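Chain by chain, the residues:
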Amino acid sequence: MIRIDKDNYYLDICETVLERGTCIRRNFAAIIVKNDEIIATGYTGAPRGRKNCCDLGYCKREHLNVPRGTRYELCRSVHAEQNAIISSRRQDMIGTTMYLVGKEHKTGEYVNNASPCALCKRFIINSGIEKVIIRDTKTLYREINVTEWIENDDSLDGEAAY
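Residues numbered from 1 in each chain as written. Predicted model: local features only at pLDDT ≥ 70, side-chain atom pairs only at ≥ 80, totals over all residues. Heavy atoms only, no water.

Asker: What exactly am I supposed to notice about the overall build of the protein chain here?
Answerer: Along the protein chain, the regular secondary structure elements total seven helices and five strands. Along the protein chain, helices (α) and strands (β) appear in the sequence α-β-β-α-α-α-α-β-α-β-β-α when read from the amino end. Taking 2.2 N^0.38 as the reference for a compact globule, 162 residues should give roughly 15 Å; the C-alpha atoms of the protein chain span a radius of gyration of 15 Å, in line with that estimate. Dimensions of the protein chain, computed from C-alpha atoms along their principal axes, come out at roughly 40 × 40 × 30 Å. Counting across all 162 residues of the protein chain, residues that qualify as buried make up 46%. (Helix = DSSP H or I, 4+ residues; strand = E, 2+ residues; numbered from the N terminus. Rg over C-alpha atoms; globule rule 2.2 N^0.38 Å. Buried < 20%, exposed > 50% of the residue type's maximum accessible area, 1.4 Å probe, protein only.)

Below you can see the structure in the form of structure tokens.
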């Protein structure tokens with residue numbers, strides 16, 4: 001028997017969380033892991049009590065043909081990373097790893113070159129998360145040390161993502 005490695009194990013769980021996402025453009029899920037235990041999960045969806053894009057039947061950014069990585073103020077959703085972070089206490093997140101998976105709603109394909117948006121990067125930095133692992137294909141993923149974002153301070157502004 002061949003066991004799946006830990007990173008793909010958590011990315012697979014993250015992919016299951018993604019199925020709760022309500023965005024009709026791109027769905028993402030994030031999980032935060034500390035000491036080999038999941039401490040929080042999050043997926044893309046409207047704030048509690050508000051209608052989701054899947055309920056409304058349209059995405060305002062898609063309707064306006066807004067390019068990827070821009071004009072998030074038009075989006076109804078809270079990003080997966082933000083939802084996971086607000087479900088945790090900062091003291092519990094220090095030194096953790098966040099796993100992130102994104103899929104295109106229409107095709108089910110993994111989001112090409114996925115990365116947290118500039119605002120989510122700020123949330124991740126402030127939360128104390130140490131690493132972000134992002135799935136590129138079913139078995140391939142990238143690992144980012146959050147200190148790289150801090151050291152490359154200018155790269156947090158206006159960077160395309162989602």
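Asker: Can you help me understand the UniProt feature "active site" (unreviewed entry) in the protein chain in this one?
Answerer: The positions UniProt marks with the feature "active site" (unreviewed entry) are Glu81. Relative to the elements of secondary structure, glutamate 81 occurs in helix 4 (residues 80–86). (UniProt positions renumbered as here; feature names shortened; annotations may be inferred.)

Asker: Would you mind going over the side chain of arginine 26 with me for this structure?
Answerer: Within the fold, arginine 26 resides in strand 1 (residues 26–34). A relative accessible area of 13% places arginine 26 in the buried class.

Asker: I keep staring at unusual backbone geometry and nothing clicks. Help me out?
Answerer: Most peptide bonds are trans, and most residues other than glycine sit at a negative phi. Look at aspartate 36: it is not a glycine, yet its phi comes out positive at around 65°. With respect to the helices, strands and loops of the structure, aspartate 36 is situated in the loop between strand 1 and strand 2 (37–43).

Asker: Whenever I open this one, the sheet that holds strand 1 confuses me. Can you help?
Answerer: Strand pairing within a sheet occurs via backbone hydrogen bonds; the two strands may be parallel or antiparallel. Strand order across the open sheet formed by five strands is 2-1-3-4-5, with mixed pairing between neighbours. Taken across any chain shown, the strands that pair with only one partner, and hence form the sheet edges, are strand 2 and strand 5 (141–145). For this sheet, the mean angle separating the axes of adjacent strands, direction not counted, is 20°. Of the pairings in the sheet, the one linking strand 4 (residues 131–135) to strand 5 comprises five bridges and is antiparallel in character. (Pairing = 2+ DSSP bridges. Axes fitted to C-alpha atoms, helices over the stretch in contact; angles between N-to-C directions.)

Asker: Help me understand the nonpolar core in this model?
Answerer: The tendency in soluble globular proteins is for nonpolar side chains to be buried side by side. In this structure, Ile32, Ile85, Met98, Ile124, Ile129 and Val132 are the most contacted members of the largest nonpolar core, which totals 19 residues. For this core, the secondary structure elements donating two or more residues are strand 1, helix 4, strand 3 (97–104), strand 4 and helix 7 (146–151). With residues near it in sequence (within four places) discarded, isoleucine 129 still touches Ile32, Ile85, Met93, Thr96, Thr97, Met98, Ile124 and Val146. With 12 residues, the next largest nonpolar core counts Ile31, Val33, Tyr99 and Val101 among its residues. (Core = buried A, V, L, I, M, F, W, Y, C linked by side-chain atoms within 4.5 Å. Contact = heavy atoms within 4.5 Å.)

Asker: It is not clear to me how the pairing of strand 1 should be interpreted in this structure. Could you clarify?
Answerer: Two faces make up the sheet, and in a regular strand the side chains alternate between them. When you tally the buried positions in strand 1, you get eight out of nine residues, the bulk of the element. Direction of pairing for strand 1 relative to strand 3: antiparallel, over a ladder of eight bridges. Residue pairing in the sheet places asparagine 27 in a bridge with lysine 103 of strand 3. Taken together, the six bridges between strand 1 and strand 2 define a ladder with antiparallel strand orientation. Bridged to valine 33 within strand 2 is isoleucine 38. Connecting strand 1 to the antiparallel partner strand 2 that follows it, the hairpin turn spans two residues, and asparagine 35 within it adopts a positive phi of roughly 50°.

Asker: Before we go on, may I ask you to explain the environment of threonine 139 in this structure?
Answerer: Its location among the elements puts threonine 139 in the loop between strand 4 and strand 5. In this structure threonine 139 comes out as exposed when scored by relative accessible area, which is 55%. For the pair threonine 139 and aspartate 7, spaced 132 residues apart in the sequence, the C-alpha separation amounts to 9.5 Å.

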